[in-house]
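Each chain, written out:
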Amino acid sequence: MSMEKTFNAAEAEARISAKWLAEKCFAAGANWDGAKDSFSIVIPPPNVTGSLHMGHAFNNTLQDILVRWKRMQGFDTLWQPGTDHAGIATQMVTEREMAENGEPTRAEMGREAFLQRVWQQKAKSRGTIIGQLQRLGASCDWDREAFTMGGAPGDPDASEQNFHDAVIKVFVEMYNKGLIYRGKRLVNWDPKFETAISDLEVENIEVAGHMWHFKYPLAGGATYEYVEKDEDGNVILRETRDYISIATTRPETMLGDGAVAVHPSDERYAPIVGKLCEIPVGPKEHRRLIPIITDDYPDPDFGSGAVKITGAHDFNDYGVAKRGGIPCYRLMDTKAAMRADGAPYAEAAAIAQEVADGKRTLTESETDALNLVPEDYRGMDRFAARDAVVAAITAEGLAVMTTETVTDEDGAEQTRAIPMVENKPIMQPFGDRSKVVIEPMLTDQWFVDAEQIVTPALDAVRDGTVKILPESGEKTYYHWLENIEPWCISRQLWWGHQIPVWFDADGNQYCATTEAEAQAQAGAGVALTRDPDVLDTWFSSGLWPIGTLGWPEPTPEIEKYFPTSVLVTGQDILFFWVARMMMMQLAVVDEIPFHEVYLHGLVRDAKGKKMSKSVGNVVDPLDVIDEFGADALRFSSAAMAALGGVLKLDMERIKGYRNFGTKLWNAARFAELYEAVGADAAPKTTQPTPQATLNKWIIGEVGRTREAVDAALTDYRFNDAANALYAFVWGTYCDWYVEFSKPLLQGDDAAAKAETQATLAWALDQCILMLHPIMPFITEDLWAQTAQRDTMCVHGAWPTIGAEAVDPQADAEMNWVIGFIEGIRSARAQMNVPAGLYIPVVRLEADATARAAYANNKALIDRMARIESLTDADTAPKGAISVAVGAASFALPLKDIIDVDKERGRLEKNLGKLDKEIKGLSGRVNNPKFAVSAPAEVVEEARANLAAREGEAEVVRAALARLAEI
């Protein structure tokens, strides 16, 4: 049965994937040769309720390339799959669907019933992301699929991999070692979901904002001489002030101010440092006085240079407050409304004033309980409170004023005073899922004392035990870990690993793996209440490598596959996941989790812009697979994966890689036509020992390519591996070797024909095998269609041939022939010679090697370069252009073949157009303002366009120079 004319990706991918899965081709240890070591990767677990996006497609393609490559080499390979329970995302998806279905709310349902509902949601949606990864061709051991809450209470499908027990065990052990504690710290707070979230779940978005300027009156009506100077020290403003001016984008937080800070070097405020000023909002008779302090945080050149310190509602202020012993007063509740609890404002303000005066000391809990929101603002939404505070301060005359010019009804210009409010863009934090503004919030949370476990993680990278690629990742890793803060591991959700700590009525803590153990610690009859919080998903996923391999049980998988070989992940989670896995594994089992870490960036669009739904440039990988096939998407992923480079997804390139697959398919059909393959043919797995120069040459090219691909993949240079394969398969094998083989296949020499058939088939097999890790579907189909095989391609033996197979004489001869044909073709194209026209060539100078190469391959050269005749001469005839091939030189008499004046005019017109473009692009690129103000991707695109136009201009100038020879 002959091959189909084209490869039907939609039909073949489903069929091949089903067969791989049915035959357990991806099982741990499949295709192991019994001698090589293990090679293992743990998948960065996608959200269980998620779906495949371009980042997943890219990341998993790279992992799959490595795994398939190592599996074919005979390593004992495991690609460990699984999904993350994704606390906040899964709870959100479930509640959204419940609302759409008209089901009771989470609160109405209660915790136990709600968790059962989430387990149903997990079971329903779990297959989506897994099925999509399989569509991509991911060759994970799917029978070992793990889940970060596997085995937790309510799990309807508890597996042998009881991940939950491992997580709880680690928490208890770390708690008992003093590595985990409960405390009050500032965290990112999502008011919609009413939970702490990690920095990674915060999107900082530029929005239109305002900066209000207010006066904080000095206590007792005190005054000082305020002096401003220019850069040369000349006085430009001198006035007596009874206030200090501050600028803020969040006036509603002024109620919780603990101090005003200025930089120690700021001479303007030196006279009032240590004095008190009044917060200009709230009932006048109860206004608090706060100190003016110095700290390195304020920037003297920004705003007024004075900064209000609200430690409970700003991360920078929190640092200043901790350094200066300034109390942190929380103003908002869990929904970001102004607090309505606690004692009356007058009482609370009086206590706070005693603290500021040094007459009273409060514990952290007492400080947090103090509600400094005046009655008029209590219960207000934070943004409504902002408007109210601004209005009150302005009405009292404590807004800093400026002037504006307006035109009255008579057309006359009038100057009037207005409050100083700057309209300016600000970066505002939003919850990536809730889409509401995140509030820095001082709350009770559980923390890992990261300082106690960070040193081994740092040392492992410093001493080379773990290697991070690219090297820039190591610098980031060091920076984060050397400046590590306590790690907040609790979330105020219901879906997740519930904190295994119980409290008695006095607040005493009892940490245990079960409630019975906690009760035993507390004693009979002591009523206990379990902490309602759950663990952050980063805590459980921090145990991913050992947890998925069966720890704490001493499983065979732990013995064989841990530590894992390499982790392939995005650079954006280097700290959130990679560093935490390092810390956790070293703290728990005193072992690194992986030997190498390959970090990649975000996949961007063709112009280098970040993909965004609002911009409309998001690409769905499933749409790409539907249109071009999984292989084309995978090859594009590999081709753009330059180590440390920008990842630009170009649909035209993906289309080109689909055409690349078609080129290989057509080469196989050519081989079938000449009986080099066939359904009944034995596989050509044995390397031929040919006599023909052409066949010797292609064997050497296979060896060179195999070495290049292996070297590239070893160093995680996926783009170099893809480029080497593209150049060899398309250029060397399909374009040159297939064309060169036709005379031998069509000739009368039976031995030469048989030898070429064998070599053609063998080289095709090598193309298929080497391409398989990147393009698994088309190669698997070709493998099956081109011979009777003992195994599927996924278990084919990776080639071992190397550069030792290069025959120097054959290599030199064939490369000279190719160089000659390319030189003639290039000259013809530049001079616009009709493609099908055969032309004469004059040989001016050539050594014996060049002459022999031409003579041995005359029929091929003449046909492929469209040469009518070859004659020898000492000098080039008039009206000829020169062509050099190595040490040999030739001339092409074109005077009577082309219209020289017409070609010169065409080329000069093209050059003029190019020079105009180059001038415009050069002006933009060399303009310092453009480089600073334009987006990075726009600057990069302009530079790339300039380089391209300059290259085209050089080609045209070379063509004009050749025309001048005629």
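On a predicted model such as this, the values are computed, not experimentally measured, just so you know. (Residues numbered from 1 in each chain as written. Predicted model: local features only at pLDDT ≥ 70, side-chain atom pairs only at ≥ 80, totals over all residues. Heavy atoms only, no water.)

**Notes on the pattern of salt bridges**
In this structure the tally under the stated criterion is 58 salt bridges. The salt bridge partner of D626 is R135, with a shortest N-O separation of 2.9 Å. Of this pair, D626 sits in helix 18 (residues 621-628) while R135 is found in helix 5 (residues 111-136), placing the two residues 491 residues apart along the sequence. Given the relative accessible area of 34%, R135 is considered partly exposed. (Salt bridge = Lys/Arg side-chain N within 4 Å of Asp/Glu carboxyl O. Helix = DSSP H or I, 4+ residues; strand = E, 2+ residues; numbered from the N terminus. Buried < 20%, exposed > 50% of the residue type's maximum accessible area, 1.4 Å probe, protein only.)

**Thoughts on the packing of helix 19 (residues 630-639) against helix 24 (residues 776-785)**
When two helices pack together, you describe them by how their axes are tilted relative to each other and by the distance separating the axes. Two numbers describe how helix 19 lies on helix 24: the axes approach to 7 Å, and their chain directions differ by 125 degrees. In terms of orientation, helix 19 and helix 24 fall into the oblique class. Residues A630, D631 and R634 of helix 19 form the contact with helix 24, whose own contacting residues are P776, F777 and I778. The residue makeup of the contact of helix 19 with helix 24, split by class, is four nonpolar, no polar and two charged. (Axes fitted to C-alpha atoms, helices over the stretch in contact; angles between N-to-C directions. Parallel < 35°, antiparallel > 145°, perpendicular 65-115°, else oblique. Contact = heavy atoms within 4.5 Å. Nonpolar A, V, L, I, M, F, W, Y, C, P; charged D, E, K, R; others polar.)

**Side note on the sheet that holds strand 30 (residues 839-845)**
What the four strands build is an open sheet, ordered 31-30-33-32; its pairing is mixed. Sheet topology places strand 31 (867-872) and strand 32 (880-885) at the edges, where each strand pairs with a single neighbour. Put simply, the sheet's adjacent strands are angled 30 degrees from each other on average, direction ignored. Inspection of the sheet shows strand 30 paired to strand 33 (residues 888-893) by three bridges, in the antiparallel sense. (Pairing = 2+ DSSP bridges.)

**Description of the sheet that holds strand 22 (residues 501-503)**
The strand order across the open sheet formed by three strands is 23-22-24, and the pairing between neighbours is antiparallel. Each edge of the sheet is formed by a strand with only one pairing partner; in this case those strands are strand 23 (509-511) and strand 24 (529-530). Here strand 22 runs beside strand 23; their pairing, made up of three bridges, is antiparallel. For F503, the partnering residue across the bridge sits in strand 23 and is Q509. Against the sheet, helix 13 (residues 515-522) contacts strand 22 and strand 23, and its axis sits at roughly 135 degrees relative to strand 23.

**Remarks on the nonpolar core**
By size, the foremost hydrophobic cluster in this structure holds 218 residues, and its most contacted members are F171, Y477, F539, F718, Y733, F740 and W816. Here this core gets 13 residues from one element, more than from any other, and that element is helix 22 (residues 718-746). Contacts of F539, omitting those with residues within four sequence positions, involve V167, V170, F171, M174, I180, V448, W487, I489 and M584. Counting residues in each nonpolar core, the second largest holds 47 residues, with V187, V262, V389 and L398 among its members. (Core = buried A, V, L, I, M, F, W, Y, C linked by side-chain atoms within 4.5 Å.)

In short, geometric facts, not functional conclusions.
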